[in-house]
Amino acid sequence: MDLPTLETLVSYLTIVAAVMGALLAALWLSLVVWAFRDMRARSRDPFAQLLAALLVAALPVVGIVIYFILRPPETLAEAYERALEEEALLQEIEERPHCPGCSRVIDDKWLLCPHCHTRLKKACQDCNSLLELQWNLCPYCGNHAVDPYKANVVDTAVPAPDPLPEPEETDEVEPIGEVDM
């Protein structure tokens, strides 16, 4: 077996170095493009997008590490989804019915607020369906005799006692504090 000549080894090493250089250049260029696209997904600021690409281009290995440290933690799409979730949660909280008296969360099926005893609904006299206080007819059975201003509350008031009789006036007034001996 013949050993390769020095010229052959140099030509092989030149080819390997050229291929490795091309791969490193492609990797470097792809990192620059990736940093630009990633920053575009994370920020609307064109200056920040360009700065991220220039940082990775100017400092090939260290630039990508610095970029990973300084880049925003979430993409614009993730921030948008988080905002939608927060808005949905707030809307769900706002949609719950609240007592007009104490503003606490109530159930749709309650007649009275258990906290402040405010009348929330009324029952139909015919079908016992729950009705809003301002409704003057029952949409479930068609009863027109529903009085929107009359609440069916049992009168539990204690009648006032009879007034006490006034004392009779006497002509003789005895002074207080004088004692007869």
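In case you missed it, the structure is sitting above this.
Residues numbered from 1 in each chain as written. Predicted model: local features only at pLDDT ≥ 70, side-chain atom pairs only at ≥ 80, totals over all residues. Heavy atoms only, no water.

Trainee: Please set out unusual backbone geometry residue by residue, giving values where relevant.
Mentor: For residues other than glycine, phi is negative in most cases, and the peptide bonds are mostly trans. Notably, serine 103 is not glycine yet its phi reads approximately 65°, a positive angle. Inspection of the secondary structure assignment puts serine 103 in the loop between helix H4 (76–95) and strand S1 (121–123). For asparagine 128, which is not a glycine, the phi torsion comes out positive at approximately 60°. Position of asparagine 128 relative to the elements: it lies in the loop between S1 and strand S2 (130–132). (Helix = DSSP H or I, 4+ residues; strand = E, 2+ residues; numbered from the N terminus.)

Trainee: With reference to specific residues and values, describe a nonpolar patch on the surface.
Mentor: A grouping of Leu6, Leu9, Val10, Tyr12, Ile15, Val16, Val19, Met20 and Leu23 is seen on the molecular surface, where their side chains present a nonpolar patch of about 900 Å² in accessible area. Take leucine 6: it is sitting in helix H1 (residues 6–42). Taking the relative accessible area as the measure of exposure, leucine 6 reaches 65% and is therefore exposed. (Patch = residues over 30% accessible without salt bridge, like charges linked within 9 Å, V, L, I, M, F, W, Y side chains within 5 Å. Areas by Shrake-Rupley, 256 points an atom, 1.4 Å probe, with all protein chains shown as cover. Salt bridge = Lys/Arg side-chain N within 4 Å of Asp/Glu carboxyl O. Buried < 20%, exposed > 50% of the residue type's maximum accessible area, 1.4 Å probe, protein only.)

Trainee: Could you give me a rundown of the side chain of aspartate 38, with the residues and numbers involved?
Mentor: By secondary structure assignment, the location of aspartate 38 is in helix H1. Residue class for aspartate 38 comes out buried when judged on its relative accessible area of 11%. There is a polar contact of 3.1 Å between the side chain of aspartate 38 and the side chain of arginine 42. Not counting chain neighbours up to four residues away, the residues in contact with aspartate 38 comprise Tyr67 and Arg71. (Polar contact = N/O pair within 3.5 Å; in protein donor to acceptor, adjacent residues only side chain to side chain. Contact = heavy atoms within 4.5 Å.)

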